[in-house]
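Overview (structure and organization)
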2 protein chains.
Amino acid sequence: MNKTIAIVGIGLIGGSVALKCKRAGFAAKVMGVDNNPDHCKQALELGLVDEVLSLEDAVVAADLIILAIPVGAIASLLPGLLDKVNTQVVIDMGSTKSLLTDLVAGHPQRGRFVASHPMWGTEYSGPTAAVENAFEQKAVILCDVEKTDADALDTAHQLFNVLQMRIIQMNAKDHDVHAAYVSHISHITSFALANTVLEKEKEDNAIFEMASAGFESTVRLAKSNPEMWTPILMQNRQNVLDVLNEHISQLRKFKSCLEKENWEYLNELMSNANQIRRIIQ
Amino acid sequence: MNKTIAIVGIGLIGGSVALKCKRAGFAAKVMGVDNNPDHCKQALELGLVDEVLSLEDAVVAADLIILAIPVGAIASLLPGLLDKVNTQVVIDMGSTKSLLTDLVAGHPQRGRFVASHPMWGTEYSGPTAAVENAFEQKAVILCDVEKTDADALDTAHQLFNVLQMRIIQMNAKDHDVHAAYVSHISHITSFALANTVLEKEKEDNAIFEMASAGFESTVRLAKSNPEMWTPILMQNRQNVLDVLNEHISQLRKFKSCLEKENWEYLNELMSNANQIRRIIQ
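How each quantity is defined
- Residues numbered from 1 in each chain as written.
- Chains lettered and ligands numbered in written order.
- Predicted model: local features only at pLDDT ≥ 70, side-chain atom pairs only at ≥ 80, totals over all residues.
- Helix = DSSP H or I, 4+ residues; strand = E, 2+ residues; numbered from the N terminus.
- Rg over C-alpha atoms; globule rule 2.2 N^0.38 Å.
- Contact = placed C-beta atoms within 7 Å.
- Core = buried A, V, L, I, M, F, W, Y, C linked by C-beta atoms within 7 Å.
- Buried ≥ 20, exposed ≤ 12 C-beta atoms within 10 Å, placed from the backbone.
- Pairing = 2+ DSSP bridges.
- Right-handed = clockwise from strand over helix to strand, strands pointing away.
- Domains from an automatic or database assignment.
- Arc of directions from axis to C-beta.
- Nonpolar A, V, L, I, M, F, W, Y, C, P; charged D, E, K, R; others polar.
- Least-squares fit on C-alpha atoms with pLDDT ≥ 70 in both.
- Axes fitted to C-alpha atoms, helices over the stretch in contact; angles between N-to-C directions.
- Parallel < 35°, antiparallel > 145°, perpendicular 65-115°, else oblique.
- Left-handed = near helix turned anticlockwise from the far one by under 90°.
- pLDDT = per-residue confidence, 0-100.

Considering the overall build of chain A
Within chain A, the secondary structure is distributed over eleven helices and eight strands. Taken against the 2.2 N^0.38 rule, which gives 19 Å for 281 residues, the C-alpha radius of gyration of chain A at 21 Å falls within 12% of a compact globule. Taking the principal axes of the C-alpha coordinates as reference, chain A spans close to 65 × 40 × 30 Å. In chain A, once contacts between residues fewer than 6 apart in sequence are set aside, the share between residues at least 24 apart is 74%.

This is the structure we're talking about:
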């Protein structure tokens with residue numbers, strides 16, 4: 001409790017973390033760091049942060065530094081940041097973990113870093129998208145915790161308890177495989193579905209009059225920010241390719257059923273898919 | 001107002017229509033017809049219908065007959081039903097329209113039939129899934145209305161006004177093309193995504209611990225009933241195949257970007273998909 005927290009990247013994720021840490025009394029003070037002057041202004045106006053500082057000044061003043069920026073920027077920033085860290089704890093919130101943990105594997109201050117991935121997000125971005133109880137009941141994955149100092153890991157547990165998240169620990173390689181299956185592929189299918197329908201709309205602009213809730217739910221992730229998703233897919237390229245190949249081959253089974261009018265097998269494919277009920281409510 | 005309504009199929013759709021028609025005072029009496037004795041019992045207990053009758057008895061007693069059964073069953077039942085109809089109005093709620101309108105195109109009682117598709121549903125089924133205000137603000141498509149008698153069309157407009165839907169009219173062929181794009185393909189992608197992940201789960205059962213909201217929204221339609229969806233995909237086979245081929249080719253573009261590490265084009269594909277914001281909120 002009573003931490004001085006630096007949030008690097010005051011957008012959807014950083015803003016939501018800031019809000020909860022302040023309201024729950026976990027943070028005595030929240031300092032915001034962001035390259036985007038509009039975001040800094042909004043974060044101050046919305047009361048997400050108490051002040052805006054440069055990264056250098058914030059690092060010196062903080063007990064806890066939270067990186068909530070795109071994973072490409074985390075990769076660029078993390079090694080140099082650890083160079084400047086003494087007793088501070090650095091927690092990242094990126095959607096990929098292997099490249100980051102590999103990057104700092106041999107760093108003398110590796111123990112101060114906690115590799116984390118809170119499994120929450122929306123298709124919106126920026127400080128105005130922040131939500132106080134965003135993370136409640138969601139999972140957070142902590143990776144390669146044996147490389148983290150005990151006190152730093154303890155601070156991470158405190159943070160995620162304040163955010164009311166379910167903490168799961170696994171190694172970074174497994175995380176990236178799983179993330180490809182339960183998050184990254186969903187984004188690709190949504191982006192591709194949006195492009196499929198937008199392509200058709202060029203010749204037929206009445207098509208969206210009848211868009212339904214089912215369509216909206218499968219396509220809403222297509223509103224996600226490419227500046228965030230390009231580096232995620234870069235860093236998790238091989239796992240995502242494996243899952244995408246499997247997904248295309250599953251779609252081809254549906255295609256083949258339709259082509260051959262094999263309705264029995266089509267019914268079987270859908271019945272098998274119904275087993276997802278075991279997993280999601 | 002004060003209609004005597006027969007609802008054939010008292011499930012998610014039929015039950016929701018029944019509930020609203022009773023509560024809004026549009027129906028003086030709602031008679032339920034269903035092959036499933038459990039559904040009949042539940043519909044009576046939930047107060048969705050006033051009594052349960054055979055189809056024959058309900059047709060004789062009704063002013064308005066609503067068909068809310070799978071589209072294969074509608075196709076089997078509709079011509080014989082119109083044989084028995086005099087002044088009654090028959091409205092179907094199926095997700096495909098061309099085969100049905102073709103089937104009864106030359107029927108002497110064609111004028112009593114209104115081909116409709118209310119654009120609402122959930123992944124759940126049965127009377128217990130019924131929701132009173134389900135259809136509010138949603139679109140309903142009425143097809144080939146010039147083949148329907150003026151008074152029957154008027155009754156359909158009354159019904160869908162009571163359900164508070166936006167009425168859109170188009171021909172059955174256009175409807176089926178559009179439905180393939182904004183509904184049927186979403187279901188196939190969800191079913192295929194569920195199968196992709198369930199396949200992986202066989203070797204790695206920890207994978208779902210981290211399933212997120214994004215995953216849930218893209219995969220929830222995979223819980224849909226295969227007995228409902230097989231006949232829809234049978235009847236709209238050619239349109240669905242066209243859209244599925246286009247969707248697979250859109251996915252291949254993402255695959256190619258990942259294979260060739262063409263991050264600029266990947267970013268462009270996602271930015272293009274963001275245009276879906278124009279369409280869905």
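So, the nonpolar core
Within the largest apolar cluster, 192 residues are counted, with the highest numbers of intra-cluster contacts made by I5, A6, I7 and I66 of chain A together with A6, I7 and I66 of chain B. Apart from residues no more than four positions distant in its own chain, A6 of chain A is found in contact with M31, V33, A58, V59, A62 and I65 of chain A.

Digging into the pairing of strand β2 (residues 27-33) of chain A
Two faces, one strand: in a regular strand the side chains alternate between the faces of the sheet. All names here are of chain A. Most of β2 sits inside the fold, with five of its seven residues counted as buried. Examined bridge by bridge, strand β1 (residues 3-8) and β2 share six bridges and lie parallel to one another. Note that in β2 the partner of K3 across the bridge is A27. Read from β1 through helix α1 (residues 12-23) to β2, the crossover connection turns out right-handed. Bridge count between β2 and strand β3 (residues 51-52): two bridges; the pairing is parallel. Bridge pairing links G32 to V52 in β3. The handedness of the β2 to β3 crossover, carried by helix α2 (residues 37-45), is right-handed.

Section: the domain arrangement of chain A
All names here are of chain A. Domain boundaries in chain A define domain 1 (3-171) and domain 2 (175-278). For domain 1 versus domain 2, the separation of C-alpha centres amounts to 30 Å. Residue-level contacts link 15 residues of domain 1 with 15 residues of domain 2. Residue assignment for the side of domain 1 that touches domain 2 shows that the elements contributing at least two residues are α4 (71-83), α5 (98-103) and β7 (139-143).

Some thoughts on helix α11 (residues 263-273) of chain B
Among the residues of α11 of chain B, those classed as buried are L266, L269, M270 and A273 of chain B. Buried residues of α11 of chain B fall within an arc of 95° about the axis and therefore sit on the same side. Those residues of α11 of chain B hidden inside the fold are in contact with α7 (172-201) and α9 (226-235) of chain A together with α10 (237-260) of chain B.

What about the interface of chain A and chain B?
With 76 residues of chain A in contact, the opposing surface of chain B contributes 76 residues. For the side of chain A that touches chain B, the secondary-structure elements that each account for two or more residues are β7, α7, α8 (213-219), α9, α10 (237-260) and α11 (263-273) of chain A. In terms of residue count, α7 of chain A provides more of the side of chain A that touches chain B than any other element does, 20 residues in total. Of the residues contributing to the side of chain A that touches chain B, the split by class is 44 nonpolar, 21 polar and eleven charged.

Some thoughts on the relation of the copies chain A and chain B
Overlaying chain A on chain B yields an RMSD of 0.0 Å, the required transformation being a rotation through 180° with an accompanying axial translation of 0.0 Å. One copy is carried onto the other by what is essentially a two-fold rotation axis. Distance from the rotation axis, computed per C-alpha, reaches its smallest value in chain A at T218 of chain A: 2.2 Å.

Things to note about the environment of G126 of chain A
As for its placement among the helices and strands, G126 of chain A is situated in the loop between β6 (113-118) and β7. The spacing of G126 of chain A and V140 of chain A is 14 residues in sequence and 21 Å in space, taken between C-alpha atoms.

Describing the sheet that holds strand β1 (residues 3-8) of chain B
Across the sheet, eight strands lie side by side as β3-β2-β1-β4-β5-β6-β7-β8 (chain B); this open sheet has mixed pairing. The open sheet terminates on both sides in strands that have one partner only, identified here as β3 (51-52) and β8 (166-170) of chain B.

Notes on unusual backbone geometry
Despite not being glycine, Q137 of chain A has its phi angle at roughly 70°, a positive value. Here Q137 of chain A shows up in the loop between β6 and β7.

Describing the sheet that holds β6 of chain A
Residues and elements named next belong to chain A. The mixed open sheet is built from eight strands, whose spatial order is β3-β2-β1-β4-β5-β6-β7-β8. For this open sheet the edge positions go to β3 and β8 (166-170), each flanked by a neighbour on one side alone. Relative to β6, strand β5 (residues 89-92) is paired through three bridges, and the arrangement is parallel. Its bridge partner lying in β6, D92 is registered against A115. Against the sheet, α4 contacts β4 (64-67), β5 and β6, and its axis sits at roughly 170° relative to β5.

Topic: the packing of α10 of chain A against helix α7 (residues 172-201) of chain B
Running from N to C, α10 of chain A and α7 of chain B point in directions that differ by 125°, and their axes come no closer than 9 Å. Classified by the angle their axes make, α10 of chain A and α7 of chain B are oblique. Seen from above, α10 of chain A lies across α7 of chain B with right-handed handedness. Facing V243, E246, H247, Q250, L251 and F254 of chain A of α10 of chain A, the residues of α7 of chain B in contact are I188, A192, L193, N195, T196 and E199 of chain B. For the contact of α10 of chain A with α7 of chain B, the class distribution of residues is six nonpolar, four polar and two charged.

Considerations on the environment of I10 of chain B
Position of I10 of chain B among the secondary structure elements: in the loop between β1 and α1 (12-23). Once residues lying within four places of it in the same chain are set aside, the contact partners of I10 of chain B are G15, A18, G32, D34, H39, A43, L48, V49 and P127 of chain B.

Quick notes on the pairing of β5 of chain A
Residue and element names in this part refer to chain A. Where burial is concerned, the two faces of β5 agree: the one with V89 and I91 and the one with V90 and D92 are both buried. At this point the chain moves from β4, through α4, to the parallel β5, and the crossover so formed is right-handed. Of the crossover connections in this fold, the one passing from β5 over α5 to the parallel β6 is right-handed.

Observations regarding the confidence of the model for chain A
Predicted coordinates in areas of low pLDDT are best not read in detail. Put simply, chain A has an average pLDDT of 95, and 100% of its residues get 70 or more. In the model output, the complex is listed with pTM 0.92 alongside ipTM 0.93.

Here we look at the environment of V243 of chain A
Within the secondary structure, V243 of chain A sits in helix α10. Overall, the presence of 22 C-beta atoms within 10 Å leaves V243 of chain A in the buried class. With 122 residues separating them along the chain, V243 of chain A and G121 of chain A place their C-alpha atoms 21 Å apart. When near neighbours in sequence (up to four residues on either side) are disregarded, V243 of chain A contacts A180, Y181 and I185 of chain A together with T196 of chain B.

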